[in-house]
There are 2 protein chains.
Amino acid sequence: MPDLKVKQLLERGKAYRELRDSLFTGQYAPDLPDLPLDVSQLYKTSEILSQSQVEIVELDAVDLAKSIAQRKYTSYQVIEAYLLSAALAHSATNCLAWFFPLEAVERARWLDEQLEKTGQPVGPLHGVPISVKDFIMVKGISQTSGHIASSGFIPDEDAHIVAILRDAGAVFYAKTTMPQSIMHLETDSFLGVTSNPFNRNLTAGGSSGGEGALVGARGSPLGITTDIGGSTRGPAANNGLWGFKPTAMRLPKGMKGIMPGADGVAGAIGPIAHSLRDLELFCEVLLDAHPWDQDINIPPMPWSSVTLTKPVKIGVMWDDGVVKPVGPVREAMKDVVDRLRATGVEVVDYPAYPAAQAWTMIKHLYYLDGAQRLRDMLDGEPMLPLTTWITSGAQTQDIGSMWKLVNERDVFRNTYTKFFRSLNVDAILSPASPGPAGPHGSSKYWSYTSFWNLLDWPALVFPTGRKVAFNDHDDADYEARNPTEHEYYSAYCRDKAIGAPIGLQLSVPRFQDEKLLAVAKKINAVLV
Amino acid sequence: MPDLKVKQLLERGKAYRELRDSLFTGQYAPDLPDLPLDVSQLYKTSEILSQSQVEIVELDAVDLAKSIAQRKYTSYQVIEAYLLSAALAHSATNCLAWFFPLEAVERARWLDEQLEKTGQPVGPLHGVPISVKDFIMVKGISQTSGHIASSGFIPDEDAHIVAILRDAGAVFYAKTTMPQSIMHLETDSFLGVTSNPFNRNLTAGGSSGGEGALVGARGSPLGITTDIGGSTRGPAANNGLWGFKPTAMRLPKGMKGIMPGADGVAGAIGPIAHSLRDLELFCEVLLDAHPWDQDINIPPMPWSSVTLTKPVKIGVMWDDGVVKPVGPVREAMKDVVDRLRATGVEVVDYPAYPAAQAWTMIKHLYYLDGAQRLRDMLDGEPMLPLTTWITSGAQTQDIGSMWKLVNERDVFRNTYTKFFRSLNVDAILSPASPGPAGPHGSSKYWSYTSFWNLLDWPALVFPTGRKVAFNDHDDADYEARNPTEHEYYSAYCRDKAIGAPIGLQLSVPRFQDEKLLAVAKKINAVLV
């Protein structure tokens, strides 16, 4: 009776969703009629937060930690502000999968007592609220992995990364939404669709879309995300944030039981934040804890901030040759390049990478088992459209053909790295995507981000400060060069994307994570 | 007509072997009637080498490099001595797969000219002869991978590791034998059986058995080997040498086209040598060349010698609980432990690791494809007995079951590492094998070495200076605890192993390669 089974599963999903909804009561259930499309300033305009609470949620993690350590704010005051702001952001965008204010307040009070008692913060993140992508384990907190059969799992221990951040003083209070198969660049699941706070008609991105919307709407200063094709960087770009995908396995793991053993494409865990220095703080705290003592898959490479000793040369890839960036992205690229040049940074053109070849390769590597494990996990839950799309054409490999694919990947990695070196640049500046956040259901072009997952090069996304506006080029007359580009431009409409932030991407060779952040400082310095 | 195809293949193998044999002519074809079982001193007793040539081949690589840099010997004199000694070793043990004295002499003469001209060695290995396991590419030199279908491949470039060593001044002159499937702890192929120079009735070990016999007989100071189950360490132990299996991917690769893409168990490349300091020199030269610039699979971790700042605590595993070490090994263990304690090193008993569980796991991981790729490679060449043995029971996995196995491996790695840490020791001293080199065809117990491949922990083997003698316990009355042990003890006979060197093993957690060598210095200091 498969129909009955599916029906029961869907009932279970509905019940979990209702349970999730029931967590938002009282002050966490704001009455918000007639929301505008742009809710990114709701924490201010709704007048639900006090003036001092608004000031708190406008700080980045570095300043938050400093303010608490210096007794300007208590941990309690900080979490109170973020709980209100997070509930607001959720009401407007559906970005939370779970919410646990009681535990968070108890934790904040304990931190305040400790600071009172010892005079010292318990660690560098003392009192800093951190939001967590749903499938990353937080002890005692119900979670899902984006599909119904995974819902309601209550881990009896923190994920490795969560445990370290907790030891450093972080306050956890919210789990954020993720899409059904994890493998969307949008966020849509049995818990609903997550919208973009800058324009609710658009996607927040994915798969860390809940993080993107929550941090973007200032419901969190810092989020833990994962990225195997763009899942940190897409949401960062779509929500005007910094997002960092390090080299895989440099930071400790967060997931358990999702894709164990599958390392054809290695996912990376990383932060989404409001500032470049928050990305660095995140990495420093994690690697200062020597996570390789717990997990021998992590290379014992301490975080060592790089100071650039010679002038930087940045290669700029304007167009990957398959889908040309749309007007606002082109203009943001040009703007950043002009600003860099104005401060004396050398910027040269960089050739299009083999996007189509890389996409074919990585798509095969994602679903070596023909997506069988995914279907098993879904356990009858009907596939959402983007799940159907990403798994279409998935081919079951045998061990021999898998070895061949993995070897092709390795050859590609070294060949491309050699090519990069021959061009004698330090880093590559590129779009994070051909366009800003798209309409819900349209995000099917991953190559600008997934290329770096295939290579396992670290890459980050930064906010340019620009948003789509009516004076941007509308590309209405653009003639597509190929069917992929045609599909992209058909779904794109400048006028429907007004207000969407534009993020760009920076990448460097594998293991040069610290150098990437050092080069990004040059860019940060020219941003408004 | 499969029979005709096999016949043609065997003809091709025979022709290649005759071609190999034809490389040894004139002074390289010594007339050696009535060889004794122990030919390890043949370089002296045969009186083919001059007194000064004997002195040369008794130096380790560090002293060789120093002597050449200080003009005590020319590179030409050094290679002349090694060419004679290598040909002698080959005549007695069948350890060479290819021999190229002309190229080597030309290279040595060029190095002498450079030193004359510039006053400087071209690098830290200026003039040091290095032998190379057959399947590791040396530009322009015919090679095999241990089976006929692979024979006669002439690479048009050096392997990465060879290129770096060449740049550092090394002189290449010989490729060394390896077994049919690579996966034997002995060395038997269409090029014949490689014997142990200390007792020609015994195996030299494998799969780097040619290296073991050649370096053991002082036909080479330093050899490049690989190890995926004990292939560096077995030959080192059997031939009274130092052998080092680093963490996988710390040193640059040597092979191409053998097991590309298969990283269920990652093989490691490493040195075999006469001294601990030669192991360190080898690693230093390779990592000082920043190989990660060429191969992004290599973590950018420079070689940084470790100085131990606090007293060392060594755990000693006397017996893995499956196959107890035989008398001479037990006695060598006890001797080393007593000597360490006498110099104040703390040594504590260390529990047996789960050898049987680990062996089951690694055997599945070796042949995820049911050994299909091996059969394809052999292309009809009949399997030798140890090939049949190691592939027996190989199960074809699908992608899902492979992910499961790889995940079990990862869980095992972290669980075991955690257990190790809970015991608070720095390193584990253990046998390299239950016994000395066995009779040809008997080496079927890999667990003392393969355990560390499964974990990807670095491990090294050191020579104790002891050899099997008639006053060792003969274990004639030992009652086996299980069928595996019964099989081992049935094949073992002390009296037939007289003269075989006893090596022991030292291991530390993943990535602690430098620490391993630092702890080994404590042991080196107490050896005779």
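Residues numbered from 1 in each chain as written. Chains lettered and ligands numbered in written order. Predicted model: local features only at pLDDT ≥ 70, side-chain atom pairs only at ≥ 80, totals over all residues. Heavy atoms only, no water.

Another point: the sheet that holds strand β9 (residues 242-245) of chain B. Residues and elements named next belong to chain B. Taken in spatial order, the eleven strands of this open sheet run β1-β3-β2-β8-β10-β9-β14-β15-β13-β11-β12, and their pairing is mixed. Lying at the two open borders of the sheet, with one neighbouring strand each, are β1 (96-99) and β12 (346-349). Put simply, the sheet's adjacent strands are angled 25° from each other on average, direction ignored. Across four bridges, strand β13 (residues 427-431) lies against strand β15 (residues 501-507) in antiparallel orientation. Paired with Ile428 across the strands is Ser507, a residue of β15. Helix α6 (residues 101-118) rests against β1 and β3 (171-176) of the sheet, and its axis sits at about 155° to β3. (Pairing = 2+ DSSP bridges. Helix = DSSP H or I, 4+ residues; strand = E, 2+ residues; numbered from the N terminus. Axes fitted to C-alpha atoms, helices over the stretch in contact; angles between N-to-C directions. Contact = heavy atoms within 4.5 Å.)

Attention now goes to the packing of helix α15 (residues 399-423) of chain B against helix α16 (residues 447-455) of chain B. All names here are of chain B. Between α15 and α16, the least distance of the axes is 9 Å, while the angle of their chain directions is 105°. Compared by their axis directions, α15 and α16 come out roughly perpendicular. Mapping the contact onto sequence places Arg409, Phe412, Arg413 and Tyr416 in α15 and Phe451, Trp452, Asn453, Leu454 and Leu455 in α16. Broken down by class, the residue content of the contact of α15 with α16 amounts to six nonpolar, one polar and two charged. (Parallel < 35°, antiparallel > 145°, perpendicular 65-115°, else oblique. Nonpolar A, V, L, I, M, F, W, Y, C, P; charged D, E, K, R; others polar.)

For the rest of this paragraph, the subject is the UniProt feature "active site" (unreviewed entry) in chain A. All names here are of chain A. When the UniProt feature table is mapped onto this chain, "active site" (unreviewed entry) is found at Lys133, Ser207 and Ser231. A stretch of 99 residues holds the annotated residues, and the largest C-alpha distance among them is 10.7 Å, short enough that they meet in one place. In this fold, Lys133 is placed in strand β2 (residues 129-133). On the basis of relative accessibility, which here comes to 0%, the residue Lys133 falls in the buried class. Setting aside residues up to four positions removed in sequence, Lys133 forms contacts with Lys175, Thr176, Met178, Ser207, Ser208, Glu211, Ile224, Thr225, Thr226 and Ser231. The buried category is assigned to Ser207, whose relative accessible area is 1%. (UniProt positions renumbered as here; feature names shortened; annotations may be inferred. Buried < 20%, exposed > 50% of the residue type's maximum accessible area, 1.4 Å probe, protein only.)

Let us now look at the side chain of Ser507 of chain B. With respect to the element layout, Ser507 of chain B can be found in strand β15. Not counting chain neighbours up to four residues away, the residues in contact with Ser507 of chain B comprise Ala427, Ile428, Trp452, Pro458, Ala459 and Leu516 of chain B.

Below, the discussion takes up the packing of aromatic side chains. Residue and element names in this part refer to chain A. Overall, the coordinates contain 48 aromatic pairs over all chains when judged by the stated rule. Ring centres of Tyr16 and Phe190 lie 6.1 Å apart, and the angle between their planes is 50°; this geometry places the pair in the tilted category. Of this pair, Tyr16 sits in helix α1 (residues 2-22) while Phe190 sits in the loop between β4 (188-189) and β5 (192-193), placing them 174 residues apart in sequence. Here the guanidinium or amino end of Arg109 rests over the ring plane of Tyr76, the centre of that ring lying 3.8 Å away. (Phe/Tyr/Trp six-rings, centres within 6.5 Å; stacked < 30°, edge-to-face > 60°. Lys NZ or Arg CZ within 6 Å of the ring centre and 35° of its normal.)

With an RMSD of 0.0 Å, the operation that places chain B on chain A is a rotation of 180° combined with a shift of 0.0 Å along the axis. What the rotation and shift describe, once combined, is the action of a two-fold rotation axis. Ranked by how close their C-alpha atoms come to the rotation axis, the residues of chain B are headed by Asp398 of chain B, at 3.0 Å. Comparing interface residues between copies, 100% of those in chain B also lie at the interface in chain A; the contact surface is shared. (Least-squares fit on C-alpha atoms with pLDDT ≥ 70 in both.)

The next subject is the nonpolar core. The biggest cluster of nonpolar side chains holds 330 residues, and the ones touching the most others in it are Leu165 and Leu460 of chain A together with Leu165, Ile224 and Leu460 of chain B. In this structure Leu460 of chain B touches Trp242, Gly243, Phe244, Leu276, Leu279, Leu504, Gln505, Leu506, Leu516, Leu517 and Ala520 of chain B, once residues within four positions along its chain are discounted. (Core = buried A, V, L, I, M, F, W, Y, C linked by side-chain atoms within 4.5 Å.)

Taken together, the contact pairs 32 residues of chain B with 32 residues of chain A. Taken over both partners, the interface formed by chain B and chain A buries close to 3,000 Å², and the fraction arising from carbon and sulfur atoms is 60%. Sorting the residues of chain B by area buried against chain A places Ile296, Ile399 and Trp403 of chain B first, and these three jointly supply 28% of that buried surface. At the boundary of chain B with chain A, the tally comes to eight residue pairs in polar contact (both at pLDDT 80 or more). No other element matches α15 of chain B, which puts ten residues into the side of chain B that touches chain A. Here the residues of the side of chain B that touches chain A sort into 16 nonpolar, seven polar and nine charged. (Buried area = accessible area lost by both parts, 1.4 Å probe. Polar contact = N/O pair within 3.5 Å; in protein donor to acceptor, adjacent residues only side chain to side chain.)

This part covers the environment of Thr177 of chain B. Residues and elements named next belong to chain B. On the secondary structure map, Thr177 appears in the loop between β3 and β4 (188-189). Each C-alpha atom of the pair Thr177 and Thr187 lies 6.9 Å from the other, and the pair is ten residues apart in sequence. In this structure, Thr177 is in contact with Arg20, Asn94, Cys95, Leu96, Ala97, Thr187, Thr194, Ser207, Gly209 and Gly210, ignoring residues within four places of it in sequence.

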